[in-house]
Amino acid sequence: MTTYEIIKKKRDGASLTDSEITYFIEEYLNGGICDYQMSALLMAIYFNGMDDREISSLTKVMADSGEKISLGELYDITVDKHSTGGVGDKTTLVVAPVVASLGCVVAKMSGRGLGFTGGTVDKLSAIPGYRVDMCGKEFLSTVKRIGISVVSQSDNLTPADKKIYALRDTTATVESIPLIASSIMSKKLATGSKSIVLDVKYGSGAFMKDILKAELLAQKMVNIGKSANRNMAAVLTNMDKPLGFAIGNNLEVIEAIEVLKGEMISDLYEECVALSATMVSLAKKIPVSEAEAIVMDSIRNGAALDKFKEWISTQGGDISYIDNTDKFEKAKYIVEVYSNDTGYVNSMNTEQIGFCASLSGAGRSRYEDSIDFAAGLILDKKTGDFVNKGDRLCCLHTNNKSIIEEVKDRYVRAIELSNKKPETSKTIYKTIW
Ligand code: URA
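Every chain is numbered on its own, with residues counted from 1 as its sequence reads. Reporting in this predicted model follows two pLDDT cut-offs: at least 70 for local features of residues, and 80 or more for side-chain atom pairs to be given and counted; totals over whole chains, interfaces and linings ignore these cut-offs and use all residues. Each side-chain value is worked out from all heavy atoms of the structure, with water and hydrogens disregarded.

### Describing the pattern of salt bridges
Just to be clear on terms, a salt bridge is a Lys or Arg side-chain nitrogen sitting within 4 Å of an Asp or Glu carboxyl oxygen. Evaluated as defined, the whole model comprises 30 salt bridges. Put simply, Asp64 and Lys60 hold a salt bridge, and the shortest N to O gap is 2.8 Å. The closest approach of N and O atoms between Asp409 and Arg413, which form a salt bridge, is 2.9 Å. Taken as a pair, Asp409 and Arg413 lie in helix α17 (residues 404-414) at a separation of 4 residues, close to a single helical turn. Working definition: with a 1.4 Å probe on protein chains only, accessible area under 20% of the residue-type maximum means buried, over 50% means exposed, and in between means partly exposed. On the accessibility criterion, Arg413 (61% relative accessible area) is exposed. What you see here is one network of salt bridges that share partners, running through Asp89, Asp199, Lys201 and Glu271. Numbered from the N terminus, helices here are DSSP runs of H or I no shorter than four residues, and strands are runs of E no shorter than two.

Shown next, in the form of structure tokens:
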């Protein structure tokens with residue numbers, strides 16, 4: 001079949017064969033198929049979808065398009081985690097050392113934040129000295145020696161996904177479940193862990209606002225992983241409010257350290273335990289209730305905190321900041337934001353709150369933007385809390401005086417008050433195995 005015929009076939013709603021998918025992706029990467037032809041195929045996929053076989057095939061070709069990490073004899077106990085992105089999501093900083101302290105091996109490549117969501121690599125970079133850019137050899141030797149390493153994604157990982165994602169971004173084809181599922185899973189398969197736990201977020205601060213779409217995405221990704229012979233689970237988690245109380249890099253690192261030191265910060269602690277237990281359950285093949293008990297124990301007895309320190313110092317980070325979190329640099333302006341009204345917090349526009357943090361300097365709107373580690377927000381009130389007029393809603397931390405009034409105004413508008421106490425929503429909606 002020619003390039004034209006493959007586009008026409010998908011346009012007319014038929015399934016593509018594995019060899020047609022392979023041909024299309026490989027030729028696109030080599031320059032034999034141009035952007036407008038790939039754009040046409042992406043739009044045809046956007047409208048007509050792909051079946052599970054096609055999605056797995058697309059994922060495999062993209063995973064095979066670049067460097068692949070091999071974890072050798074450790075493979076059976078390796079476990080990875082991926083979050084579809086949220087606001088205040090610092091769970092990797094907690095769950096990675098928790099599961100590593102229990103003998104699971106974490107060899108993780110993470111991304112930087114963009115738009116209203118933060119990224120693990122930015123949070124780790126906030127720890128003075130921490131090196132996110134280790135070469136492949138050093139990354140693997142660290143994993144072998146201490147059972148954990150988290151670095152930024154290597155440039156050679158899934159080049160086909162990189163090229164296609166850039167095109168999707170400019171052709172209104174990002175929001176397609178087959179394309180999102182294959183894009184995420186191609187990177188997870190290329191990084192080579194045997195067990196993979198996906199944290200699929202839904203709600204106002206998530207990429208997927210709709211719970212049913214999030215569930216469908218989760219199911220598709222679990223199917224892809226299983227067809228590639230991986231142990232898979234997806235945990236559907238609520239992002240209708242920020243996770244924990246801190247948003248912004250230094251502030252989130254401090255909050256993650258508090259959890260590792262045993263603070264049971266409501267939804268954040270619950271989610272960290274659920275994700276860690278799912279990872280341990282898959283990697284050690286034990287029931288999730290048993291995994292949950294040893295996970296909580298590892299936090300309680302300090303083993304997770306010790307593993308965190310070992311990991312951070314091995315990657316060059318200054319662990320005196322962990323012992324004394326007051327050492328983290330503070331922003332020049334710490335501004336209190338007050339409520340204009342009285343009532344229960346009925347909803348939080350979490351995407352807007354993410355943008356407030358980003359505007360304060362904590363995030364970036366383009367990949368090349370730099371970020372201010374000290375910037376962000378500390379929340380006082382979350383959904384369900386009662387607020388009197390004049391009560392503090394949050395503290396804005398920033399070094400940029402010019403954004404203060406805009407962020408205050410946006411933040412207040414992101415909080416909806418009501419006379420009636422809203423029903424509490426669950427942090428963990430369900431797990432798909
Ligand atoms: N994240 C990815 O890596 N790919 C997508 O398509 C969407 C989110």
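### Digging into the sheet that holds strand β5 (residues 231-238)
Pairing is mixed in the open sheet, where 4 strands are placed in the order β1-β4-β5-β13. Every other strand in the sheet has two partners, leaving β1 (79-83) and β13 (428-432) as the edge strands with one partner each. The sheet shows a mean angle of 15° between the axes of neighbouring strands, direction not considered. A pair of strands is treated as paired once DSSP finds two or more bridges between them. Examined bridge by bridge, β1 and strand β4 (residues 195-202) share 5 bridges and lie parallel to one another. Considered in β4, the bridge of Asp80 is made with Ile196. Fitting a line to C-alpha atoms yields each axis, with helices limited to the stretch in contact; the angle taken between N-to-C directions then spans 0 to 180 degrees.

### Regarding the domain arrangement of the protein chain
Here the protein chain is described as being made up of domain 1 (3-49), domain 2 (72-323) and domain 3 (329-418). Here domain 1 and domain 2 have C-alpha centroids that lie 32 Å from each other. The contact definition used throughout considers only heavy atoms, calling two residues in contact when any of these lie within 4.5 Å. At the interface, 11 residues of domain 1 touch 13 residues of domain 2. In total, domain 1 and domain 2 occlude about 1100 Å² of area from one another, counting both sides; carbon and sulfur atoms represent 80% of this. The largest per-residue losses of area from domain 1 upon contact with domain 2 belong to Tyr28, Leu42 and Tyr46, which jointly make up 47% of the total buried on that side. Inspection of the region where domain 1 meets domain 2 yields 0 salt bridges. Nitrogen and oxygen atoms within 3.5 Å of one another constitute a polar contact, given that in protein one can donate a hydrogen and the other can accept it, and given that sequence-neighbouring residues count only through two side-chain atoms. Counting every contact that joins domain 1 to domain 2 gives 1 residue pair in polar contact (both at pLDDT 80 or more). Residue assignment for the side of domain 1 that touches domain 2 shows that the elements contributing at least two residues are α2 (18-30) and α3 (35-48). It is α3 that contributes the most residues to the side of domain 1 that touches domain 2, 7 residues altogether. Per the annotation, domain bounds derive from an automatic or database assignment of domains. Put simply, buried area is the surface a 1.4 Å probe can reach on two separate parts but cannot reach once they are joined, added for both.

### Describing the packing of aromatic side chains
Stacked, tilted and edge-to-face pairs are distinguished by plane angle, under 30 degrees for stacked and over 60 for edge-to-face with tilted covering the rest, among Phe, Tyr and Trp rings (Trp via its six-membered ring) whose centres lie within 6.5 Å. Per the stated rule, a full pass over the model turns up 6 aromatic pairs. Between Tyr321 and Phe328, the aromatic rings sit 5.1 Å apart at their centres with planes inclined by 70°, giving edge-to-face as the arrangement. Among the residues examined, Tyr321 registers a relative accessible area of 16% and is labelled buried. Look at Tyr344 and Phe386: their rings are 5.1 Å apart centre to centre, the planes differ by 70°, and that puts the pair in the edge-to-face class. Placement of Tyr344 in strand β8 (residues 343-348) and of Phe386 in strand β10 (residues 386-387) is noted, with a sequence separation of 42 residues between them. Classification of Tyr344 as partly exposed rests on a relative accessible area of 23%. Three or more aromatic residues joined by ring pairs form one cluster here, namely Tyr130, Phe308 and Trp311. Lysine and arginine charges are scored as sitting over a ring when NZ or CZ, respectively, is within 6 Å of the ring centre and within 35 degrees of the ring normal. The ring of Tyr28 has Lys163 lying over it, and the distance from NZ or CZ to the ring centre is 4.2 Å. Geometry around Phe245 places Lys382 over its ring, the cationic atom sitting 4.9 Å from the centre.

### Here we look at the site of the ligand
By convention in these notes, a residue is near a molecule or strand provided one of its non-hydrogen atoms lies within 4 Å of it. Contacts to the ligand come from Tyr165, Arg168, Ile180, Ser183, Ile184, Lys187 and Phe207. Measuring from a nitrogen atom of the ligand, one finds a side-chain N or O atom of Ser183 at 2.6 Å. One of the side-chain N or O atoms of Lys187 is found 2.6 Å from an oxygen atom in the ligand. Accessibility throughout is a Shrake-Rupley quantity obtained with a 1.4 Å probe, and a residue counts as covered only by protein chains that appear here. Against a free-state accessible area of 240 Å², the protein chains account for coverage of 84% of the ligand. For the shell around the ligand, the element with the most residues is helix α9 (residues 177-190), which contributes 4 residues. Residues belonging to the shell around the ligand are distributed by class as follows: 4 nonpolar, 1 polar and 2 charged. When residues are grouped by polarity, Ala, Val, Leu, Ile, Met, Phe, Trp, Tyr, Cys and Pro land in nonpolar, Asp, Glu, Lys and Arg in charged, and all others, Gly among them, in polar.

### Structural notes on unusual backbone geometry
For Thr158, which is not glycine, the phi torsion reads 40° and is therefore positive. For Ala172, which is not glycine, the phi torsion reads 55° and is therefore positive. The topology assignment puts Ala172 in the loop between α8 (159-170) and α9.

### Looking at the state of the cysteines
To count as a disulfide, a pair of cysteine sulfur atoms needs to be within 2.5 Å. Across all of its chains, the model carries 0 disulfides by this definition. Considering cysteine sulfurs only, Cys394 is the nearest to Cys356, which forms no disulfide, with 7.5 Å between them.

### Comments concerning the packing of helix α1 (residues 3-11) against α2
At a minimum axis distance of 11 Å, the contact between α1 and α2 shows a crossing angle of 120°. Looking at the two axes, α1 sits oblique to α2. Judged by the twist between their axes, the crossing of α1 over α2 is left-handed. Contact residues: Thr3, Ile6, Ile7 and Lys9 in α1; Glu20, Tyr23 and Phe24 in α2. In the contact of α1 with α2, the residues fall into 4 nonpolar, 1 polar and 2 charged. Working rule for angles: under 35 degrees goes down as roughly parallel, over 145 as roughly antiparallel, 65 to 115 as roughly perpendicular, anything else as oblique. Note: crossing handedness is left-handed where the near helix turns anticlockwise from the far helix by less than a right angle, and right-handed where it turns clockwise.

### Comments concerning the pairing of strand β2 (residues 106-110)
Burial analysis of β2 places 5 of its 5 residues in the buried class, the great majority of the element. Residues Val106, Lys108 and Ser110 line one face of β2 and the alternating positions Ala107 and Met109 line the opposite face, and both faces are buried.

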